[in-house]
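Coordinate analysis (summary)
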Amino acid sequence: MSRNLGFTLIELMITVAIAGVLAAISVSVYQGSLAKSQVNRAVSELSMYRAAVEGRLSGLQDFTNSEIGYVPSNLTTGDLATNVGTFN
């Protein structure tokens, strides 16, 4: 009498299906976490300029990016040629 040792095809298919479901869930959770962290980073980068901008706005003065220390990053869109505070 011979005994077959190992897994059946059904057992392997179920294992692969469970691994696929877990991978799909973890990828979506990771992407959501990544997006949230990028938004938080952009908000914190822009909040550094808040006091300088509010001070200039209260005096109704134009100001350039270099005057408030604005440096665009890869998350905050903008460039050095476009000033943050220009009034008409």
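On a predicted model such as this, the values are computed, not experimentally measured, just so you know.

**Some points on the pattern of salt bridges**
Inspection of the entire model under this criterion finds two salt bridges. Among the ionic pairs, Arg41 bridges to Glu45, the shortest N-O distance being 2.9 Å. Highlighted residues: Arg41 and Glu45, both in helix H1 (residues 9–47), separated by four residues, approximately one helical turn. A salt bridge links Arg50 to Glu54, with the shortest nitrogen-to-oxygen separation between them at 3.0 Å. In this pair, Arg50 and Glu54 both sit in helix H2 (residues 50–58), four residues apart, roughly one turn of the helix. Glu54 gets classed as partly exposed once you look at its relative accessible area, which sits at 42%.

**As for the confidence of the model for the protein**
Model confidence for the protein is summarised by a mean pLDDT of 82, while 84% of its residues fall at 70 or above. Highest mean pLDDT in the protein belongs to H1 (92); lowest belongs to helix H3 (residues 65–68) (77).

**Concerning a nonpolar patch on the surface**
A contiguous nonpolar surface patch, about 640 Å² in accessible area, is contributed by Leu9, Ile10, Met13, Ile14, Ile18 and Leu22. Taking the relative accessible area as the measure of exposure, Leu9 reaches 60% and is therefore exposed.

What counts and how
- Residues numbered from 1 in each chain as written.
- Predicted model: local features only at pLDDT ≥ 70, side-chain atom pairs only at ≥ 80, totals over all residues.
- Heavy atoms only, no water.
- Salt bridge = Lys/Arg side-chain N within 4 Å of Asp/Glu carboxyl O.
- Helix = DSSP H or I, 4+ residues; strand = E, 2+ residues; numbered from the N terminus.
- Buried < 20%, exposed > 50% of the residue type's maximum accessible area, 1.4 Å probe, protein only.
- pLDDT = per-residue confidence, 0-100.
- Patch = residues over 30% accessible without salt bridge, like charges linked within 9 Å, V, L, I, M, F, W, Y side chains within 5 Å.
- Areas by Shrake-Rupley, 256 points an atom, 1.4 Å probe, with all protein chains shown as cover.

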